[in-house]
Amino acid sequence: MFLQKSFVRLYSLNALKSTSRFNWKRHKVIYGLSCGALSFSIYMAYNSLSRFNDSPNLSTDHFTKYRISYKKDIDEEHFLLELTPILTQNQNLWQIIGSTKIWSVEIKQPEIMVVRNYTPLPFYFDASAGQIQLLKDGENADGKLMFYLKQYKNGEVARWIHGLGINDTVELRGPYIEYEFPNPNHEMKRDRNILKDLEKTTHATEQKQIFKYEPLNILMFTAGTGVVPALQLLLTESPFYGTMHLFHSCKTKSELGPLSKYLDVLDKQNRIKLHMHESSKGGNIKDVNIKELLNQIPEPVPYKEMKSNGPHNNNTNPSLALVCGPDSFITTVAGEKYDFSQGPVGGLLKEKGWDNQNVYKFP
Ligand SMILES: Cc1cc2nc3c(=O)[nH]c(=O)nc-3n(C[C@H](O)[C@H](O)[C@H](O)COP(=O)(O)OP(=O)(O)OC[C@H]3O[C@@H](n4cnc5c(N)ncnc54)[C@H](O)[C@@H]3O)c2cc1C
């Protein structure tokens, strides 16, 4: 029950809705007209709208303008995108949110007036090094956000974003919370030193940090860009405390570009237990030996309420399973997800004893 209560899916809007502030502004203009003080009311409306648009930080209340500051194709379908706010932002979402929540932002396609969610990663493009770098603790790169995107042949928004050029502007709204984890009070920070020297990591070197509370371990099944929420949790400031059993399905690992190195290091340092399923190598979870696959999938263990200074048994067994990918993938792993509800847990997870109490299927 505890885990079920701990998640909150707050928003997922696919069509634009006018905000109450916008309606308020229209109302003000009508009032001004009826008073005959047209120029004054236009001035007031303009003034309030400018103030509203000038708010520099990302917000769910209004769209904020960003420019494309870096775009790099990984292959024909996948690309990295860095967005830099037009007005510098001081709000550090990586520090504020940490790994207590998985979050996304909406990017607006203004020609057809639709928005799509995308999941930011804590990187910036370092022009002098010619590569993306992880933000250090306390840094927010003035509000830059990095994305890993896939464009679809018939897709509206990702294909449109891919067609934009450097310095073109896009509008963002957010952050939207996709999933919320139990948040232990006054827990110590988890460091990210292991991610400093990616190339040199050949084996586990990390000294195990002893936390005040027993960390929650999770099982995560991801496919394609569904891996981004997992990476956000693992790479953000004070990253995920527990062990993540990550089963990632993709065509080929190379489609992850520079992100694959991060997964490898996290695996070597035992922060994750990585199981790659590359369909180009016959690893599609629908094609592999089902018995062997089921043997690799851990069974759920009950999550003990967070115990401060209690004995830490160091077990890595997961208590929660998150599934993120296309509909057919979700169905294979955890049973069909309905439009507005989770649907019963089925598929591979059901075989291993998981149920609706401890499984969450992402939208
Ligand atoms: C919370 C959240 C976070 C997300 N984060 C990311 C992210 O970080 N990176 C990212 O690339 N995407 C992410 N997505 C998906 C993204 O929001 C869009 O759904 C995706 O970019 C497709 O939108 P589109 O307008 O390009 O295609 P659409 O116009 O929506 O789709 C057109 C066609 O494209 C194909 N298509 C679309 N989506 C899929 C799919 N998932 N699998 C297979 N075929 C598909 C289908 O043929 C579909 O008919 C996220 C979604 C959510 C809900």
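Presented here is an overview of the structure given in this document. (Residues numbered from 1 in each chain as written. Predicted model: local features only at pLDDT ≥ 70, side-chain atom pairs only at ≥ 80, totals over all residues. Heavy atoms only, no water.)

1. Some details on the overall build of the protein
Alright, step 1. Within the protein, the regular secondary structure consists of 10 helices and 13 strands.
Alright, step 2. Burial statistics for the protein: of 363 residues in total, 48% are counted as buried.
Alright, step 3. Of the contacts made within the protein by residues no fewer than 6 positions apart, 74% connect residues no fewer than 24 positions apart. (Helix = DSSP H or I, 4+ residues; strand = E, 2+ residues; numbered from the N terminus. Buried < 20%, exposed > 50% of the residue type's maximum accessible area, 1.4 Å probe, protein only. Contact = heavy atoms within 4.5 Å.)

2. Some words on the site of the ligand
Alright, step 1. As a matter of local geometry, the ligand sits amid 19 residues, with Arg116, Asn117, Tyr118, Thr119 and Val157 nearest to it.
Alright, step 2. Take Lys150: an N or O atom from its main chain is 3.0 Å from an oxygen atom of the ligand.
Alright, step 3. Residue Val157 places a main-chain N or O atom 2.8 Å away from an oxygen atom belonging to the ligand.
Alright, step 4. Protein chains shield 68% of the accessible area of the ligand, which is 930 Å² for the free molecule.
Alright, step 5. Counting only elements with at least two residues in the shell around the ligand, the list comes to strand 4 (114–118), strand 7 (145–150) and helix 5 (157–163).
Alright, step 6. Taken together, the residues of the shell around the ligand break down into 9 nonpolar, 6 polar and 4 charged. (Near = heavy atom within 4 Å. Polar contact = N/O pair within 3.5 Å; in protein donor to acceptor, adjacent residues only side chain to side chain. Areas by Shrake-Rupley, 256 points an atom, 1.4 Å probe, with all protein chains shown as cover. Nonpolar A, V, L, I, M, F, W, Y, C, P; charged D, E, K, R; others polar.)

3. Details of the environment of Val265
Alright, step 1. Assignment of secondary structure puts Val265 in helix 7 (residues 259–268).
Alright, step 2. Every residue in contact with Val265, bar those within four places of it in the chain, is listed here: Ile194, Leu195, Leu198 and Thr201.

Function cannot be inferred from these measures alone, as they are strictly geometric.
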